[in-house]
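Inside the fold
What follows is each chain in one-letter form.
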Amino acid sequence: MGLKSSHIGEKSRDARHKRLQAVSLIADMAKDERVDFVIIAGDMFDSHNIDDRAVRSTVEVLNRFAPVNVFVLPGNHDPLLTGGIWDRIAWKEAGSHIRLITESKEIQVTNSAVLFPCPVTQKLSRTDPTAWISGRTADDRRIRIGLAHGALDVLPSPGNFPIPSDRQNRSGLDYLALGDWHSFRRHDRSVYPGTPEQTRFDEAEPGNVVIVRIDEAQKEPVLTKRHVGQLTWREYSTPVNDETDVRALRSSIYGNRAVSEQLLRIRTALVPGIPQNAVDSVKSLREELAENAFYLDWPVETVESPINISSELPDGIVSEIDGVLQSILDGNHQEMPGSLPVNIDSSVVPEARVLLRRLYTEGKS
Ligand SMILES: [Mn+2]
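Residues numbered from 1 in each chain as written. Predicted model: local features only at pLDDT ≥ 70, side-chain atom pairs only at ≥ 80, totals over all residues. Heavy atoms only, no water.

Some remarks on the domain arrangement of the chain
Here the chain is described as being made up of domain 1 (6–227), domain 2 (231–306) and domain 3 (308–365). Averaged C-alpha coordinates put domain 1 and domain 3 at centres separated by 48 Å. (Domains from an automatic or database assignment.)

Below is the structure:
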């Protein structure tokens, strides 16, 4: 909540509204599914610096969960600090079902289940927030649920609030509910559902909540992933040779979901020799998306006619580079510098040749 997303300009306000809608959907789902309680595993707010109105809207949408209890954990973006977001006047309107977690202390959540929450009180830490959770004793038959915000050591970017991946076993947890990572990620009983609403182009699997069913202690939890995200962020970087490529691009965009619910970042490279009708189709696709997409980032210069690849480049470093690119295209790239990116995505080569010519032409004018 309150994420500025200033890179999407005037649409960021609408995006914030969509995020509230997603949470509202979760409230309906919680009641329909008759869950015992709901967990928010930190970073509900993007920062402490959020206007009162946004805090009020958040309290209002959380009030819609009643009578289902909602356990809210402070994360590293909204740590528990005196005078912070949790002390705002808007919380006076919060129902008693909203339970802000302020201590690392057991909470009995149902007759048979206990929560071990690990609230965060600062932005950065090298200390494991789950370290206080002791192991299961022989006579403990309760369902034990950990709740923490941090980086499980199996993630690509561990370090801040590190959580060992064997915490679930060491502390005898039936489930470890985690926040911080924006995409869905499961490591045995430790689970990041990811953010309910996507926030960036480079997130792999956001937009979900997870419904967890645990029948009894030490039984395998059953997870159901449910999509609630109102918006999808997609990036396309496609070389366009002809009409077929334009049609493929169009159908992969439209096949995803309504374009009015998509944020699109598109970078096309018009391959030299592309027929004029294909150039026209690219342009009209761009106009159509500019009109209808929730947000479009597609620079107009990338849909202009390609620069003629056969045009002469001056002798020297520029044409030498172009020569290397040509031989990569001819399939002689294995031992060449630059073979690695080419193996990942061969479309970078024609794009590079186009850019090289553009650079030269614009440098001349
Ligand atoms: Mn975080």
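That covers the picture; the talk isn't over yet.
Focus on the coordination of the manganese ion
For a metal with four tetrahedral donors the ideal donor-metal-donor angle is 109.5 degrees, while six octahedral donors give ideal angles of 90 or 180 degrees. Surrounding the manganese ion are the protein donor atoms Asp43 (OD), Asn76 (OD1), His149 (NE2) and Asp180 (OD), at 2.0 to 2.2 Å. The sequence pattern describing where the donors of the manganese ion fall on their chain is D-x32-N-x72-H-x30-D. Taken together, the positions of Asp43 in the loop between strand 1 (37–40) and helix 2 (52–63) and Asn76 in the loop between strand 2 (69–72) and strand 3 (98–100) put the pair 33 residues apart, joining distant regions of the chain. On the basis of relative accessibility, which here comes to 8%, the residue Asn76 falls in the buried class. (Donors = N, O, S within 2.8 Å, 3.2 Å for Na, K, Ca; no water. Helix = DSSP H or I, 4+ residues; strand = E, 2+ residues; numbered from the N terminus. Buried < 20%, exposed > 50% of the residue type's maximum accessible area, 1.4 Å probe, protein only.)

Structural notes on the pattern of salt bridges
Taken as a whole, this structure holds 23 salt bridges when the rule is applied. A salt bridge links Glu220 to Arg186; the nearest nitrogen and oxygen atoms lie 3.5 Å apart. Linking Glu220 in the loop between strand 12 (208–213) and strand 13 (222–227) with Arg186 in strand 10 (residues 185–187), this pair joins segments that are 34 residues apart in sequence. Of the residues examined, Glu220 reaches a relative accessible area of 49% and is grouped as partly exposed. For Asp297, the salt bridge goes to Arg265, with nearest N and O atoms at 3.4 Å. Residue Asp297 is located in strand 16 (residues 295–297), and its partner Arg265 is located in strand 15 (residues 262–270); the two are separated by 32 residues in the primary sequence. Given a relative accessible area of 19%, Asp297 falls into the buried group. Through salt bridges that share partners, Arg136, Asp174, Arg186, Arg189 and Glu220 make up one connected network. (Salt bridge = Lys/Arg side-chain N within 4 Å of Asp/Glu carboxyl O.)

Let's talk about unusual backbone geometry
That bond from Ala66 to Pro67 is cis: its omega, 5 degrees, falls within 30 degrees of zero. Here Pro67 is to be found in the loop between helix 2 and strand 2. The phi angle at Asp180 is positive, at roughly 125 degrees, despite the residue not being glycine. Structurally, the position occupied by Asp180 is in the loop between strand 9 (175–179) and strand 10.

Details of the pairing of strand 2
Pairing of strand 1 with strand 2 involves four bridges; the strand directions are parallel. Note that in strand 2 the partner of Ile40 across the bridge is Val72. With helix 2 bridging strand 1 and its parallel neighbour strand 2, the resulting β-α-β unit is right-handed. As judged from the three bridges shared by strand 2 and strand 3, these two strands associate in the parallel manner. (Pairing = 2+ DSSP bridges. Right-handed = clockwise from strand over helix to strand, strands pointing away.)

Re the packing of helix 4 (residues 243–254) against helix 5 (residues 276–292)
Two numbers describe how helix 4 lies on helix 5: the axes approach to 8 Å, and their chain directions differ by 20 degrees. Taken together, helix 4 and helix 5 sit at an angle that is classed as roughly parallel. Relative to helix 5, the crossing made by helix 4 is left-handed. Touching Glu243, Val246, Leu249, Arg250, Ile253 and Tyr254 of helix 4 are Asn277, Ala278, Ser281, Val282, Leu285, Glu288 and Leu289, all from helix 5. Broken down by class, the residue content of the contact of helix 4 with helix 5 amounts to eight nonpolar, two polar and three charged. (Axes fitted to C-alpha atoms, helices over the stretch in contact; angles between N-to-C directions. Parallel < 35°, antiparallel > 145°, perpendicular 65-115°, else oblique. Left-handed = near helix turned anticlockwise from the far one by under 90°. Contact = heavy atoms within 4.5 Å. Nonpolar A, V, L, I, M, F, W, Y, C, P; charged D, E, K, R; others polar.)

Here's the deal with the layout of surface pockets
Its boundaries defined by the atoms lining it, the second largest pocket holds a volume of some 360 Å³. Forming the walls of the second largest pocket are 14 residues, and the residues nearest its centre are Arg16, Leu20, Arg53, Ala54 and Ser57. Among the elements of the structure, helix 1 (12–32) and helix 2 are those that each provide at least two residues to the lining of the second largest pocket. If you tally residues by element for the lining of the second largest pocket, the top one is helix 1, at five residues. (1 Å grid on protein atoms, 1.4 Å probe; cavity = no way out; pocket = protein on both sides within 12 Å on 5 of 7 lines; lining within 4 Å. Points joined across faces, edges and corners; volume = space filled by probe spheres on them.)

With respect to the environment of Ala27
Within the fold, Ala27 resides in helix 1. By relative accessible area, Ala27 is classed as buried at 0%. Expressed as a C-alpha distance, the spacing of Ala27 and Phe65, which sit 38 residues apart in the sequence, is 4.8 Å. Non-local contacts of Ala27, meaning those with residues more than four positions away in its chain, are made with Arg64 and Phe65.

Quick look at the nonpolar core
Judged by nonpolar contacts, the single largest core of 27 residues is most densely connected at Met44, Phe45, Val55, Leu62, Phe65 and Trp91. Mapped by element, the contributors of at least two residues to this core are helix 1, strand 1, helix 2, strand 2 and strand 12. Counting residues per element, this core draws most heavily on helix 1, which supplies five residues. Trp91 has contacts with Met44, Phe45, Val55, Val59, Leu62, Ile85, Trp86 and Ile98, leaving out every residue within four places of it along the chain. Ile107, Ile143, Val191 and Ala217 belong to the second-largest nonpolar core, a separate cluster that totals 19 residues. (Core = buried A, V, L, I, M, F, W, Y, C linked by side-chain atoms within 4.5 Å.)

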